[in-house]
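Report on the structure
Listed here are the chains, written in short residue letters.
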Amino acid sequence: MFSLVSFLPRAIVQGIPLLLGCVGETLNEKSGSLNLGIPGVMYVGGICGVIGAFMYENSAGTYNKFLGVLIPIITCMLGALIMGLIFCFLTVTLRVNQNVVGLAMTTFGVGFGNFFGASLIKLVNS
């Protein structure tokens, strides 16, 4: 059954990453760069964090809580960094249209995340 009291805190917690991405994009647009690929960058960063956590939990003999938090954060940042570098290289160096690159990165990011997310689900279920 739907409960508004339990829905509101969950909506706020799950909306915070989107809010941070929107604030970052707003600051980015003030500099004159239109990056429509922010959802793709966030998707790739998120799935890289999940992959990092999954790989650490499966490979670690003894679980260290500090590394259990640090490794997903680092892999998340690396995934988003690579996507940001791709956007930067294509739009600044090669002068490709920012709208086209951003939409292509969003499409790629969602496909990348869905592919590797489904692969992880198959690994967990087997």
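Up top you'll find the structure we're talking about.
What counts, and where the lines are drawn
Here, residues in each chain are numbered from 1, in the same order as that chain's written sequence. Given that the model is predicted, a residue must reach a pLDDT of at least 70 before its local features are reported, and side-chain atom pairs must reach 80 or more before they are shown or counted; all residues, however, enter totals for whole chains, interfaces and linings. Hydrogens are left out, water is left out, and the side-chain values use all remaining heavy atoms of the structure. Note on patches: the residues involved have over 30% relative accessible area and no salt bridge, like charges join within 9 Å, and the nonpolar side chains Val, Leu, Ile, Met, Phe, Trp and Tyr join within 5 Å. With residues, only the protein chains shown are counted as cover, and all accessible areas are computed by Shrake-Rupley using a 1.4 Å probe. Criterion for a salt bridge: a side-chain nitrogen of Lys or Arg within 4 Å of a carboxyl oxygen of Asp or Glu. Where helices and strands are cited, they refer to DSSP runs of H or I of at least four residues and of E of at least two residues respectively, numbered from the N terminus. The axes are straight lines fitted to the C-alpha atoms, using for helices just the contacting stretch, and the angles between their N-to-C directions are given from 0 to 180°. Should an angle fall under 35 degrees it is taken as roughly parallel, and over 145 as roughly antiparallel, whereas 65 to 115 is taken as roughly perpendicular and any remaining angle as oblique. Working rule for handedness: look at the near helix, and if it is turned counterclockwise from the far one by less than a right angle, call the crossing left-handed; if clockwise, right-handed. Residues are treated as being in contact if the distance between any of their heavy atoms lies within 4.5 Å. By the convention adopted, Pro, Cys, Tyr, Trp, Phe, Met, Ile, Leu, Val and Ala count as nonpolar, Lys, Arg, Asp and Glu as charged, and the other residues, Gly among them, as polar. A 1.4 Å probe rolled over the protein chains alone gives each residue an accessible area, and that area as a share of the maximum for its type sets the label: buried under 20%, exposed over 50%, partly exposed in between. Take the number of residues in a helix, subtract one, and multiply by 1.5 Å to get its expected span. To get the bend at any residue, fit one axis to the seven residues that end at it and another to the seven that begin at it, then take the angle between the two axes. Here a pair means two rings of Phe, Tyr or Trp (six-membered ring of Trp) with centres within 6.5 Å. Their orientation is stacked below 30 degrees between planes, edge-to-face above 60, and tilted elsewhere.

Residues F66, L67, L70, I74, L78, L81 and L85 make up a contiguous nonpolar surface patch of about 620 Å² in total accessible area. Take L81: it is sitting in helix 3 (residues 65-93).

Attention now goes to the packing of helix 3 against helix 4 (residues 98-125). The interhelical angle for the contact between helix 3 and helix 4, taken along N-to-C directions, is 155°, at an axis separation of 10 Å. Taken together, the axes of helix 3 and helix 4 lie roughly antiparallel to each other. In the packing of helix 3 onto helix 4, the handedness of the crossing is right-handed. Of the residues in helix 4, those in contact with M83, F87, L90 and T91 of helix 3 are Q98, V101, G102, M105 and F108. Grouping the amino acids of the contact of helix 3 with helix 4 by side-chain chemistry returns six nonpolar, three polar and no charged.

A few words now on the environment of F2. Of note, F2 is situated in the segment before helix 1 (4-30). Residue F2 is classed as exposed on the basis of its relative accessible area, which comes to 60%. With 110 residues separating them along the chain, F2 and F112 place their C-alpha atoms 33 Å apart.

Here we come to helix 1. With 27 residues, helix 1 extends 37 Å between its outermost C-alpha atoms, agreeing within 8% with the 39 Å of an ideal straight helix rising 1.5 Å per residue. Most pronounced at I16, the bend in helix 1 amounts to some 35°, and the proline P17 follows within four residues.

Turning to the packing of aromatic side chains, a few remarks are in order. Per the counting criterion, the structure on display carries four aromatic pairs. For the pair F108 and F112, a centre-to-centre distance of 5.8 Å together with 35° between the ring planes defines the contact as tilted. One end of the pair is F108 and the other is F112, both in helix 4 and four residues apart, which spans about a single turn. You can call F108 partly exposed: its relative accessible area is 47%.

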